[in-house]
Amino acid sequence: MKTFDVVIVGGGIIGGSIAFELTVRNLRVAVLDRQELMHEASWAAAGMLSPAPDCPAAIPLVPLGRASLALYPKFVDAVEDASGLRTGFRAGGAVEVICHGDAGRELSTLVALHHGLGLACEPLPLDEARKMEPALGRDARAAAFLPDECSVEPRTLTAAVLAGADSAGAALCPGVEVTSLVLEANKCVGVKNSKGEIFHAAQVVLAAGCWSSQIPEAAPYAPTLPVRGQMAALRHCGTPIRHVLRSERGYLVPRGVDSPQVVVVGSTIENVGYEKCITSGGIEKILSAANELVPELAKAEIIETWCGLRPGTPDQLPILGPVDVDGLVFATGHYRNGILLAPVTAKLIGEWIAERRTSLDWDAFNPLRFTKIHADRSASA
Ligand SMILES: Cc1cc2nc3c(=O)[nH]c(=O)nc-3n(C[C@H](O)[C@H](O)[C@H](O)COP(=O)(O)OP(=O)(O)OC[C@H]3O[C@@H](n4cnc5c(N)ncnc54)[C@H](O)[C@@H]3O)c2cc1C
């Protein structure tokens, strides 16, 4: 019989970070993944660490994003120490560029929104912006500097987190597809896989990304939806790009500072179900946004294209915390922010499992918000 203190379903950045946190707390942890670990959204991400909301629905997430960004330097140090691997963490800020519309008004709104949420953001005159980023294109009409934003390389970060958990004693189990939760009365006592094997645990953490909703007993709490994002990596031999650059149409994330430089460009936001395919329209869209920001990129070689499925939720907020079944905790639905939110998610889940308290208020993200909506709808039907 396989018995652990905690079984985590899903070996992406969220499951991996929670495993890392729990092994530091001396718990016996298993991470189950139906395929090789870290091959889904966490592998596909760009790696921007930006707590700024990308739409009004994401505003309640800002305090959590800020808390997670503040944890990042220590998180990265701990992960790099434990694993001996690098994570590609880079501070230095991001530049937001406005190329269309009433740029002056857009800039004032952007700066006011950030300040209202306690986020650093200053207008950047275009001549200053071009000193910071000499390759910036002529279409830029206004710019702002977001000095606190950072970036990381999600593939190396996730590999390092999992290696750190592994070296601290976590059991990493690829090829284990969880098909159901094992419930006894009102308690979750483990999970069952597609071969009918049971993994017993005092606590089960559901961190299966956009597939969380496919586990029947988890679905009412975690109605996750896949949201496809297409990406490309370019080999750029022109003037190196020093900061994350974003516009209304897309973003560029430089890896390293020397020429030739790899620049990751993204991304589409598509509701096409679980279909993972790269389309000519999707790639055309992200490349044209990239070339508008930095026209020299039109000469860059395309070295890779890929896509991933973000774990979306109906209200665009993550699904975090315990439910009305003992021993069951959720950590999913991180949508566009799972890389940013990994340290704070791991910390909160670790605190809850080990101490039954959390240092931050996470009620807004509790999974029971979905079962309440469901119960209210049934009652009024
Ligand atoms: C194109 C793109 C760009 C992005 N850019 C950024 C960014 O710049 N910054 C940022 O913060 N975030 C970004 N994100 C979002 C981020 O990638 C996700 O929020 C994050 O990776 C979610 O991590 P996860 O561990 O929950 O999910 P995943 O990485 O998808 O991992 C879930 C795991 O669960 C496993 N699994 C599923 N079902 C089962 C089952 N039944 N049994 C066992 N295992 C199962 C899967 O195989 C998978 O390995 C981006 C996402 C995409 C797609």
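Here, every reference points to the structure presented above.
Residues numbered from 1 in each chain as written. Predicted model: local features only at pLDDT ≥ 70, side-chain atom pairs only at ≥ 80, totals over all residues. Heavy atoms only, no water.

**Some details on the sheet that holds strand β5 (residues 122–123)**
Definition in use: Should DSSP find at least two bridges between two strands, the strands are regarded as paired. Helix and strand definitions follow DSSP, with helices as H or I runs of at least four residues and strands as E runs of at least two, each counted in order from the N terminus. The contact definition used throughout considers only heavy atoms, calling two residues in contact when any of these lie within 4.5 Å. Every axis corresponds to a line fitted to the C-alpha atoms, with the helix fit spanning only the stretch in contact, and the corresponding angles, defined between N-to-C directions, vary from 0 to 180 degrees.
Strands sit in the order β5-β6-β4-β13-β14-β15-β12-β16 across an open sheet of eight strands; the sheet is mixed. The sheet is open, and its two borders are formed by β5 and β16 (301–312), each paired with just one other strand. When strand β13 (residues 244–246) meets strand β14 (residues 251–255), the two strands line up antiparallel, connected through two bridges. Bridging across to β14, Arg 246 finds its partner in Tyr 251. Taken strand by strand, helix α7 (residues 280–293) contacts β4 (94–98), β12 (225–236), β13, β14, β15 (261–266) and β16, and its axis lies near 50° from that of β12.

**What about unusual backbone geometry?**
The phi angle of most residues is negative, glycine excepted, and most peptide bonds adopt the trans form. Residue Pro 260 follows Ser 259 across a cis peptide bond; omega there is -5°. Its place among the elements puts Pro 260 in the loop between β14 and β15. A cis amide bond links Gly 266 to the next residue, Ser 267, at an omega of -20°. Here Ser 267 lies in the loop between β15 and α7.

**A word on the site of the ligand**
Rules: The cutoff for a nearby residue is simple: one of its non-hydrogen atoms must lie within 4 Å of the molecule or strand. Each polar contact in these results corresponds to two N or O atoms within 3.5 Å; when the atoms are within protein, one needs to be able to donate a hydrogen and the other to accept it, and residues that are neighboring in sequence are counted only if both atoms are side-chain atoms. Values of accessible area rely on a 1.4 Å probe in the Shrake-Rupley scheme; residue burial ignores everything except the protein chains shown. Basically, the charged four are Asp, Glu, Lys and Arg, the nonpolar ten are Ala, Val, Leu, Ile, Met, Phe, Trp, Tyr, Cys and Pro, and anything else, Gly included, counts as polar.
Around the ligand, a shell composed of 40 residues is seen, among which Asp 33, Ser 42, Met 48, Tyr 335 and Leu 340 lie nearest. Backbone polar atom of Gly 47 to an oxygen atom of the ligand: 3.1 Å apart, as the coordinates give it. Contact distances for the ligand include 2.9 Å between a nitrogen atom and a backbone N or O atom of Val 178. In the complex, the protein chains occlude 98% of the 1000 Å² of accessible area that the ligand would expose alone. When contributions to the shell around the ligand are tallied by element, the ones reaching two or more residues are α1 (13–24), α2 (41–44), β12, β16 and α8 (338–355). Residues belonging to the shell around the ligand are distributed by class as follows: 21 nonpolar, 13 polar and six charged.

**Points about the layout of surface pockets**
Worth spelling out the cut-off: With a 1 Å grid laid over protein atoms only, a set of points is called a cavity when a 1.4 Å probe fits there but cannot get out and a pocket when it is open yet has protein on both sides within 12 Å along at least five of seven lines; lining residues have an atom within 4 Å of a point. Grid points are joined across faces, edges and corners, and a volume is the space filled by probe spheres set on the points.
In this structure, the second largest pocket encloses a volume near 210 Å³. Contributing to the lining of the second largest pocket are Ser 17, Phe 20, Glu 21, Val 24, Leu 71, Lys 74, Phe 75, Ala 78, Pro 343, Ala 346 and Lys 347.

**Considering the packing of α1 against α8**
Heads up, the rule is: We call two directions roughly parallel when the angle between them is under 35 degrees, roughly antiparallel when it is over 145, roughly perpendicular when it lies between 65 and 115, and oblique otherwise. Each crossing is labelled by how the near helix is turned from the far one, with a counterclockwise turn of less than a right angle marking it left-handed and a clockwise turn marking it right-handed.
In contact at an axis separation of 8 Å, α1 and α8 are set at 40° when each is read in the N-to-C sense. For the element pair α1 / α8, the angle class is oblique. Both α1 and α8 take part in a crossing whose hand is right-handed. Contact residues: α1 offers Ile 13, Ile 14, Ser 17, Ile 18, Glu 21 and Leu 22, while α8 offers Gly 338, Ile 339, Ala 342, Thr 345, Ala 346, Lys 347, Ile 349, Gly 350 and Ile 353. Looking at the contact of α1 with α8 residue by residue, the classes come out as nine nonpolar, four polar and two charged.

**Thoughts on α8**
Test applied: An expected span of 1.5 Å times one less than the residue number is assigned to each helix. Relative accessible area decides the class of each residue, using a 1.4 Å probe on protein chains only: under 20% of the type maximum gives buried, over 50% gives exposed, and in between gives partly exposed.
When the terminal C-alpha atoms of α8 are compared, their 24 Å separation across 18 residues agrees well with the 26 Å that a helix rising 1.5 Å per residue should span. Within α8, 14 of the 18 residues are buried, which leaves the element mostly enclosed by the surrounding structure. Note on α8: the residue one or two positions beyond its end, Arg 356, has a positive phi of about 55°.

**Some remarks on the environment of Thr 224**
Structurally, Thr 224 can be placed in the loop between β11 (198–206) and β12. For the pair Thr 224 and Arg 310, spaced 86 residues apart in sequence, the C-alpha to C-alpha distance is 9.3 Å. Not counting the four nearest positions on each side in its chain, Thr 224 is found in contact with Gly 209, Cys 210, Trp 211, Ser 212, Ser 213, Tyr 274, Gly 312, Ile 319, Thr 332 and Gly 333.

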